[in-house]
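Residue-level structural notes
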Amino acid sequence: MAQRCLCVLALAAMLLLVFATVSRSMGLRSDEHQRESRIPAEFSKEELVAMKEALKGAIQIPTVTFSYEKANTTALVEFGKYIYKVFPTVLSTSFIQHEVVEEYSHLFTIKGSDPSLQPYLLMAHFDVVPAPEEGWEVPPFSGLEREGAIYGRGTLDDKNSVMALLQALELLLIKKYIPRRSFFISLGHDEESSGTGAQKVSALLQSRGVQLAFVVDEGGFILDDFIPDFKKPIALIGVSEKGSMNLLLQVNMSSGHSSAPPKETSIGILAAAVSRLEQTPMPIIFGSGTLVTVLRQMADEFPFPVDKILSNPRLFEPLITRFMEKNPLTNAMIRTTTALTIFEAGIKVNVIPSVAKAAVNFRIHSGQTVQEVLELTKNIVADNRVQFHVMTAFDPLPISPYDDKALGYQLLRQTIQSVFPEVNITIPGTCLGNTDSRFFTDLTTGIYRFNPYYLQPEDLKRVSSSPPRIDGNWPLFYKDGDNWVIGEKLVESVPLGANPSSSCLWERAYPLDPVSSTYKMGRLLSTL
């Protein structure tokens with residue numbers, strides 16, 4: 001896998017380098033001069049080592065978000081000082097403005113030479129979820145390099161992107177380059193909880209009248225070997241995100257002793273309710289979103305008769321959806337998913353509890369709204385003894401354009417095909433998880449999500465089968481005013497489209513490969 005996976009660090013940097021469309025401050029005098037002035041096709045050994053050590057250092061700072069209101073703020077401050085230390089050129093360049101937003105997030109404004117060009121935004125986040133050391137092959141914040149990989153919390157989600165963006169910018173500045181198009185880099189400090197840093201960055205840019213050409217954040221991957229008997233890798237660019245609703249179901253009944261139980265208890269009533277939810281999936285939604293486009297795009301890659309079926313998805317909708325329902329991943333593409341995540345009731349084996357609570361997480365399909373899913377849920381449960389409390393919710397994001405005129409999508413597509421020549425299939429998709437980019441819909445219609453990383457089925461199994469534990473005697477739910485909230489941020493098994501490290505016990509990033517990724521980067525830059 002290490003042979004095929006190009007370095008996440010260098011490839012994320014590649015995106016920045018392509019988007020920057022750099023030129024010398026004196027202008028381009030000729031095509032020959034332009035080719036010569038580009039970043040060299042190879043990094044030096046010293047540069048490669050420096051990049052790798054910078055990532056290790058970032059991993060060793062435990063910037064943990066524990067809950068919506070609790071984080072390792074000391075580490076967040078330390079990380080801010082660390083980027084000053086590692087990227088001195090970025091922080092001292094006259095045409096770059098650096099601001100700390102919401103105490104810990106960072107916003108970089110890089111002014112280009114052509115103010116007539118609309119700026120764009122590159123995003124990443126440096127907070128990570130908790131990482132109990134139990135179950136890790138190496139200490140989670142060691143940044144240990146072993147067998148060609150760097151281990152630690154944040155190597156995939158999402159310090160790799162943070163360091164890559166700043167490293168690319170540092171290298172460009174050292175080479176005396178100035179971008180034509182202005183751009184921003186936003187580094188969030190609490191993406192794993194509330195995303196207040198990104199929200200404040202968005203509000204700040206809006207207050208300054210900024211409108212963005214496009215946004216690029218974490219999200220999609222290169223999918224490898226996910227389709228049986230189909231060996232070609234597929235690059236998935238997220239052009240939308242599912243909505244989300246965390247719903248608390250509660251039943252209040254009289255308590256009692258187990259020696260004389262009533263006919264129905266709070267646990268029994270609630271168990272029946274959540275069982276109905278689990279046994280009654282949300283309706284299939286086939287026509288909206290990007291699915292039909294993707295099926296038609298993929299049709300020519302398959303032999304007869306599959307090609308004919310995929311070329312006519314609406315005609316063969318019953319057959320296609322029946323097949324997609326069988327796999328949890330593809331099932332999530334055609335409906336709102338229902339996941340029962342928490343059940344809380346009882347304090348003693350011989351006491352019948354008066355209250356039972358359960359949490360249900362819905363990932364809402366682009367063809368539905370929060371309100372529609374809530375009403376369907378109430379109809380499925382069909383029991384007025386069950387109370388419903390919406391803890392958090394937001395509707396699906398709009399679908400960003402992905403046609404030939406969509407600047408952000410086409411730049412990403414071309415970059416992927418240049419860096420990964422073996423990947424000749426790029427498709428638009430919907431991220432099943434959520435990112436900070438959802439807070440920027442008022443600044444642009446083009447929001448795209450992509451991680452330059454190969455994802456294979458066994459990687460997904462590692463994600464879903466090894467969730468970390470959160471220990472301690474804290475309440476699962478509590479009431480804050482009129483709202484029910486979760487007592488701690490619960491770590492979920494995140495499906496494809498969200499970053500995998502939110503729920504895996506280990507993360508690793510592959511080291512720089514100067515033969516492949518840097519050569520391709522230089523080759524691509526010479527054509528800009």
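Provided above is the structure to which this section pertains.
To keep things clear, this report deals only with the structure shown in the data block. (Residues numbered from 1 in each chain as written. Predicted model: local features only at pLDDT ≥ 70, side-chain atom pairs only at ≥ 80, totals over all residues. Heavy atoms only, no water.)

Here we look at the side chain of Ser105
For the record, the criterion: Under the DSSP-based scheme used, a helix requires at least four consecutive residues in state H or I and a strand at least two consecutive residues in state E, with every element numbered from the N terminus. To sort residues, take the accessible area from a 1.4 Å probe on protein chains only and compare it with the maximum for the residue type: under 20% means buried, over 50% means exposed, and anything in between is partly exposed.
One can find Ser105 in strand E3 (residues 105-110). The buried category is assigned to Ser105, whose relative accessible area is 0%.

Details of the nonpolar core
Side chains of nonpolar character tend, in soluble globular proteins, to be buried together. Formally: Only buried residues count toward a nonpolar core, which is a set of Ala, Val, Leu, Ile, Met, Phe, Trp, Tyr and Cys residues joined through side-chain atoms within 4.5 Å. Contacts were defined at the residue level, with two residues in contact if any of their heavy atoms lie within 4.5 Å.
Ranked by internal contacts, the top residues of the largest apolar core, which has 48 residues, are Phe108 and Met163. The greatest single-element share of this core, amounting to 6 residues, is contributed by helix H6 (residues 159-174). Residues in contact with Phe108, not counting those within four places in the same chain, are Ile83, Val90, Leu91, Ile96, Gln97, His98, Leu166, Phe183, Phe184, Ile185 and Leu187. Membership of the second largest hydrophobic core comes to 23 residues, among which are Ile234, Leu295, Phe302 and Ile309.

As for the packing of helix H4 (residues 73-86) against H6
Test applied: Where helices are involved, their axes are fitted lines through C-alpha atoms of the stretch in contact, as for all axes, and angles between N-to-C directions lie from 0 to 180°. Here the angle decides the label: under 35 degrees means roughly parallel, over 145 means roughly antiparallel, 65 to 115 means roughly perpendicular, and every other value means oblique. Handedness of each helix crossing follows the sense of rotation of the near helix against the far helix: counterclockwise by less than a right angle gives left-handed, clockwise gives right-handed. Residues are sorted three ways: Asp, Glu, Lys and Arg are charged, Ala, Val, Leu, Ile, Met, Phe, Trp, Tyr, Cys and Pro are nonpolar, and all the rest, Gly among them, are polar.
The interhelical angle for the contact between H4 and H6, taken along N-to-C directions, is 30°, at an axis separation of 11 Å. Considering the angle they form, H4 stands roughly parallel to H6. As H4 runs across H6, the sense of the crossing is right-handed. Between H4 and H6, the residues in contact are Phe79, Tyr82, Ile83 and Val86 and Lys159, Val162, Met163, Leu166 and Glu170, respectively. Considering only residue class, the contact of H4 with H6 consists of 7 nonpolar, no polar and 2 charged.

With respect to the packing of helix H3 (residues 45-59) against H6
Where H3 contacts H6, the two axes come as close as 10 Å, and the packing angle between them is 140°. Comparing their axes, H6 and H3 come out oblique. Considering the relative orientation of H3 and H6, their crossing is right-handed. Contact with H3, carried on its side by Glu47, Met51, Ala54, Leu55, Ala58 and Ile59, involves Lys159, Asn160, Met163, Gln167 and Leu171 of H6 and no other residues of that element.

Description of H3
What counts, and what does not: Residue count minus one, scaled by 1.5 Å, sets the expected span of a helix.
End to end, H3 covers 22 Å across 15 residues, agreeing with the expected 21 Å (1.5 Å per residue, within 8%). Among the residues making up H3, those that are buried are Leu48, Met51, Ala54, Leu55, Lys56, Gly57, Ala58 and Ile59.

Some remarks on the sheet that holds strand E11 (residues 243-252)
Selection rule: Strands are treated as partners if at least two bridges between them are detected by DSSP.
On the basis of which strands lie adjacent, the open sheet formed by 4 strands has the order E13-E15-E11-E16 and antiparallel pairing. In this open sheet, the two edge strands, each paired with only one partner strand, are strand E13 (337-345) and strand E16 (386-394). Taking the axes of each pair of neighbouring strands and ignoring which way they run, one obtains an average angle of 20° across the sheet. In this sheet, strand E15 (residues 355-364) lies alongside E11 in antiparallel orientation, the contact comprising 10 bridges.

Thoughts on helix H11 (residues 317-324)
The criterion, for reference: Directions drawn from the helix axis to the C-beta atoms are what define this arc.
Within H11, the full set of buried residues consists of Ile320, Thr321 and Met324. Projection of H11 onto a plane perpendicular to its axis shows the buried side chains occupying an angular sector of 95°, all on one side. Exposed side of H11, more than 90 degrees from the buried face: Pro318, Arg322 and Phe323 are the residues found there. In this structure, the buried side of H11 is in contact with helix H9 (291-298), helix H10 (306-311) and helix H12 (328-331).

Observations regarding the packing of aromatic side chains
Here is the rule: Paired rings are identified among Phe, Tyr and Trp, the last through its six-membered ring, by centres lying within 6.5 Å, and are further divided according to the angle between planes into stacked (under 30 degrees), edge-to-face (over 60) and tilted (the rest).
In the structure shown here, the tally under the stated rule is 8 aromatic pairs. Relative to Phe126, the ring of Phe79 has its centre 4.6 Å away and its plane inclined at 5°; by these criteria the two rings are stacked. Of this pair, Phe79 sits in helix H4 while Phe126 sits in the loop between strand E4 (120-125) and strand E5 (145-146); the two residues are 47 residues apart in sequence, bridging distant segments of the chain. Each of the two residues, Phe79 as well as Phe126, counts as buried.

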